[in-house]
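# Structure at a glance
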Amino acid sequence: MNWFIMVILSLFQFENKNYMARSLTKGILLSLFASLALVGPLKAQEKAANVVMVLHGGAGTILPEYMDEEKSAEISGRLTAALSAGYALWEKGASSLDMVEAAIVVLENSPAFNAGRGAVFTYDGHNELDASIMYGASQDAGAVAGVTNIKNPIIAARAVMENSPHVLLSREGAEKFAESQDIERADSAYFYTRKAYEALQRVQAAEENGGSINPLPDDKMGTVGAVALDKDGHISAGTSTGGMTNKRWGRIGDSPLPGAGTYANDATLGVSCTGHGEYFIRQSVAYDMHALMAYKGLTVDEAANAIIQSKLKSINALGGLIALDKDGNAALSFNTVGMYRAYITKTGEITIRFFEEEVE
Ligand code: ASP
């Protein structure tokens, strides 16, 4: 109800200003009231119960006008297929690690997301992929960063966790390790998508014209993430990305960093983040979610709200997260125009949303 209080306060504030300004402001505010009464407040934060798996496909300025039917169908179709893959495993009593891996592989194989096949381009015109996975039962984690020829980085991340003594392997070393694990490779042509390449060209043209080296709003969507809770009560979380368009100097974001972009702990929650990675690293966002629940007793929804809608917003850090607690309560929160997101409940009911929408 913050907006309501602000509106009332502004009405009072203008009591002392001149009549014209007062009536104009009241007019605008009354129309605002009227439109809110008609459509209800839009929510960038939602929650759901009895969830077994929750996904995101990136947060950012996915303006509705850029969303043609074909793109929307591809994204919804892949999110549905990813949820179904995870759910089929859940029904069989498989581990949440298998669920997360299976769901992320489906999304990595789509050209529509900035992960695996559809990864964005670096400043030098390459694709450098990052991914991480974490298991809440043991808090083991595995990750790869800056890899260029691994078809499904999430599979490599899991192999690092299970078959190496390390947590995070990078670049050629990670690729050599993947080879030793017989993990499927792909050449650079596999990762070429016109959409991502044109985005690089737009960003570089803007940069030449004195713009920021950061991507234009619509050119950095599509990181993917999954969090699952299995029948044994174990939570896993994973994230996979191509990072940010035009990244250079071997830049690594939050996605392959346990505690920043991904975290899982059976005592509290699993979480996968998306957004401007530099902020998520500095704020240890994924671990902060756990800490707010473990030390302060917040619910998963309260923790997501505190971090995404308050803390990050206050420092102009754009992004969102999906989280699932040990009891199957999901929180989906973003402070951008949209976040591709989806979840499936124990009864197999699927919800998919892209933008801010009225949620119960
Ligand atoms: N967090 C990712 C990164 O900074 C990008 C994203 O989620 O869109 O690499």
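Just above, that's the structure.
My aim in this report is to walk through the structure given alongside it, one point at a time. (Residues numbered from 1 in each chain as written. Predicted model: local features only at pLDDT ≥ 70, side-chain atom pairs only at ≥ 80, totals over all residues. Heavy atoms only, no water.)

### Here we look at the overall build of the protein
A tally of helices and strands in the protein yields 10 helices and 13 strands. Residues classed as buried in the protein amount to 52% of the 360 residues present. Excluding contacts between residues fewer than 6 apart, the proportion of contacts in the protein whose partners are at least 24 apart in sequence is 70%. Total accessible area on the protein stands at roughly 15800 Å², and carbon and sulfur atoms take up 54% of it. (Helix = DSSP H or I, 4+ residues; strand = E, 2+ residues; numbered from the N terminus. Buried < 20%, exposed > 50% of the residue type's maximum accessible area, 1.4 Å probe, protein only. Contact = heavy atoms within 4.5 Å. Areas by Shrake-Rupley, 256 points an atom, 1.4 Å probe, with all protein chains shown as cover.)

### Quick word on helix α3 (residues 69–91)
With 23 residues, α3 extends 32 Å from end C-alpha to end C-alpha; this agrees with the ideal 33 Å at 1.5 Å per step. Every buried residue of α3 is accounted for by Ile75, Leu79, Ala82, Leu83, Gly86, Tyr87, Leu89 and Trp90. (Expected span 1.5 Å × (residues − 1).)

### A look at the site of the ligand
Contacts to the ligand come from 11 residues, most closely from Thr223, Arg251, Asp254, Thr274 and Gly275. A distance of 2.6 Å separates a nitrogen atom of the ligand from a polar atom in the side chain of aspartate 254. Within the backbone of glycine 277, an N or O atom sits 3.0 Å from an oxygen atom of the ligand. The protein chains hide 99% of the 270 Å² of surface that the ligand would expose on its own. In terms of residue class, the shell around the ligand is built from 1 nonpolar, 7 polar and 3 charged. (Near = heavy atom within 4 Å. Polar contact = N/O pair within 3.5 Å; in protein donor to acceptor, adjacent residues only side chain to side chain. Nonpolar A, V, L, I, M, F, W, Y, C, P; charged D, E, K, R; others polar.)

### Structural notes on the sheet that holds strand β1 (residues 45–48)
With antiparallel pairing, 5 strands are arranged side by side in an open sheet as β1-β11-β10-β9-β8. Where the open sheet ends on each side, the last strands, each with one partner, are β1 and β8 (262–264). Taken over all neighbouring pairs, the strand axes of this sheet differ in orientation by 10 degrees on average, direction set aside. Where β8 lies against strand β9 (residues 269–275), 3 bridges are found, and the strand directions are antiparallel. Bridge assignment links alanine 264 to a residue of β9, and that residue is glycine 270. Across the sheet, helix α9 (residues 285–296) touches β8, β9 and β10 (319–325), and the angle it forms with β9 is around 145 degrees. Set on the sheet, helix α10 (residues 300–314) makes contact with β1, β9, β10 and β11 (330–334); between it and β11 the angle comes to about 10 degrees. (Pairing = 2+ DSSP bridges. Axes fitted to C-alpha atoms, helices over the stretch in contact; angles between N-to-C directions.)

### Brief notes about the sheet that holds strand β4 (residues 140–147)
Read across the open sheet, the 8 strands follow the order β5-β4-β3-β7-β6-β2-β12-β13; overall the sheet is mixed. Every interior strand has two partners, whereas the edge strands, β5 (168–170) and β13 (350–355), have only one. Across the sheet, the mean angle from the axis of one strand to that of its neighbour is 10 degrees, orientation sign disregarded. Relative to strand β6 (residues 224–229), strand β2 (residues 51–60) runs antiparallel, the two being bridged by 4 bridges. The residue bridging valine 54 from the neighbouring strand is valine 227, located in β6. Set on the sheet, helix α4 (residues 96–108) makes contact with β2, β3 (129–135), β6 and β7 (235–241); between it and β6 the angle comes to about 155 degrees.

### Brief notes about the pairing of strand β12 (residues 338–345)
In terms of residue burial, β12 counts as a mostly covered element, since 8 of its 8 residues are buried. Covered by surrounding structure in β12 are Gly338, Tyr340, Ala342 and Ile344 together with Met339, Arg341, Tyr343 and Thr345, the residues of both alternating faces. With 7 bridges joining them, β2 and β12 adopt antiparallel strand pairing. From the neighbouring strand, leucine 55 faces β12, where its bridge partner is alanine 342. From the end of β12 to the start of β13, which pair antiparallel, there are 4 residues, and glycine 348 there has a positive phi angle of about 85 degrees.

Nothing here speaks to function; it is geometry throughout.
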